[in-house]
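# Coordinates in review
Here is how the chains run, residue by residue.
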Amino acid sequence: LFAASLLALTHVREDHVRPAHALRIALGADIRPLSAVPGLQLLYYLQVLFSFTVFGSVAVVSLYTMELLAERPRFGDLSVESWVAATAMAFTLAGIAVLPLWGRVLNRYPTQRVLEILLAGTCATSLLLPLVRDPLELTVARMLFALFVSGLPPTLIRMIKDRAPQGMEARTLSYGTALQQIGAAGAPLIAGILAPYLGLRGFFWLCSGLILLGWMLWRRRGPGLGWP
């Protein structure tokens, strides 16, 4: 984190223009123009959805891995800790590998089309997670899931920035980030409450249902909003 901060401090240039008026914070005044932006609420929902299914499920995935290993503790001659690390690394490495590709796709094709593909792929691969039978299948499923879900943040950020009211770009993005953090914080709590009733697989079914809802909403509303 320290090294990354130094890189940003020394290599990122910003053309900063300080506002002429004094600093003032008025949440109500911000919410009114933001709520009038067509499609912005849907993009915020998708940001929360990404955070809920990715950041919020970290602990759930670890528990899920241990549950799969309960009856086969030495599956593949690897320890529980090794499989927990493998599922995490598969997701992370797949995301790192595919992000440059999605960046090039965003530069060449309309963002609305890219988002639709990402949501469809995320929904399809999320259905694999509750169906796995062993840690190896879970590792592969997490890797496939990462290939699509990792493309959502840059796509959503770009679309939110393009839709932000003039002079409110930073605030528009910051509200989305705040909602995203709420999703990350709420997912483990919701999983902990529902797990005794639905099981850990039930949490992943819930995530798939929410992703499917996001895809259906986008299919219904997105094309008519005039996205670039």
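Relevant structure appears above.
Below or above, wherever it landed, is the structure these notes cover. (Residues numbered from 1 in each chain as written. Predicted model: local features only at pLDDT ≥ 70, side-chain atom pairs only at ≥ 80, totals over all residues. Heavy atoms only, no water.)

## Looking at the overall build of the protein chain
When helices and strands are tallied, the protein chain shows 9 helices and 0 strands. For the protein chain, the succession of helices and strands along the chain, N to C, is α-α-α-α-α-α-α-α-α. Along the first, second and third principal axes, the C-alpha set of the protein chain runs to 65 × 45 × 35 Å. Sorting the 228 residues of the protein chain into buried and exposed places 39% on the buried side. Long-range contacts, defined as pairs at least 24 residues apart, comprise 82% of the intrachain contacts of the protein chain with a sequence gap of at least 6. Taken as a whole, the protein chain presents about 13100 Å² of accessible surface, with 67% of it coming from carbon and sulfur. Charged side chains of the protein chain number 19 positive and 12 negative; the gap between the two group centres comes to 10 Å. (Helix = DSSP H or I, 4+ residues; strand = E, 2+ residues; numbered from the N terminus. Buried < 20%, exposed > 50% of the residue type's maximum accessible area, 1.4 Å probe, protein only. Contact = heavy atoms within 4.5 Å. Areas by Shrake-Rupley, 256 points an atom, 1.4 Å probe, with all protein chains shown as cover. Lys, Arg positive; Asp, Glu negative; His and termini not counted. Charge placed at Lys NZ, Arg CZ, Asp CG, Glu CD.)

## A closer look at the side chain of Q180
Here Q180 lies in helix α9 (residues 169–221). Residue classification places Q180 among the buried residues on the basis of a relative accessible area of 15%. Ignoring sequence-local partners within four residues, the contact set of Q180 consists of Q47, V48, F50, S51 and F55.

## Considerations on a nonpolar patch on the surface
On the surface, L128, L136, V140, M143 and L144 cluster together to form a nonpolar patch covering roughly 360 Å² of accessible area. Within the secondary structure layout, L136 lies in helix α7 (residues 135–149). (Patch = residues over 30% accessible without salt bridge, like charges linked within 9 Å, V, L, I, M, F, W, Y side chains within 5 Å. Salt bridge = Lys/Arg side-chain N within 4 Å of Asp/Glu carboxyl O.)

## Some points on helix α6 (residues 111–126)
A rise of 1.5 Å per residue sets the reference length of α6, with its 16 residues, at 22 Å; its end C-alpha atoms lie 22 Å apart and thus fit the reference within 8%. If you follow the buried residues of α6, they end up packed against α3 (40–53), α5 (80–108), α7, α8 (152–163) and α9. (Expected span 1.5 Å × (residues − 1).)

## Observations regarding the environment of G56
As for its position among the elements, G56 is in the loop between α3 and α4 (58–68). Taking C-alpha positions, G56 is 5.5 Å from P188, a pair spaced 132 residues apart along the chain.

## Concerning the packing of aromatic side chains
All told, the structure shown has 7 aromatic pairs when counted by the stated rule. Measuring from ring centre to ring centre gives 5.6 Å for F50 and F55, while their planes differ by 90°; the resulting arrangement is edge-to-face. For F55, a relative accessible area of 43% translates into the label partly exposed. Their ring planes at 50° and their centres at 6.3 Å tell us that W102 and F148 sit as a pair that is tilted. Placement of the pair is W102 in helix α5 and F148 in helix α7, with a sequence separation of 46 residues. What makes F148 partly exposed here is its relative accessible area of 25%. (Phe/Tyr/Trp six-rings, centres within 6.5 Å; stacked < 30°, edge-to-face > 60°.)

## Structural notes on the pattern of salt bridges
As enumerated under the stated definition, the model contains 3 salt bridges in all. The salt bridge involving E116 is made with R219; its shortest N-O contact spans 2.5 Å. Of the two residues, E116 is situated in helix α6 and R219 in helix α9; the sequence distance between them amounts to 103 residues. Residue class for R219 comes out partly exposed when judged on its relative accessible area of 47%. We note a salt bridge from R133 to E137, for which the minimum N-O separation is 2.6 Å. Residue R133 is classed as exposed on the basis of its relative accessible area, which comes to 62%. Accessibility expressed as a relative area gives 25% for E137, which makes it partly exposed.

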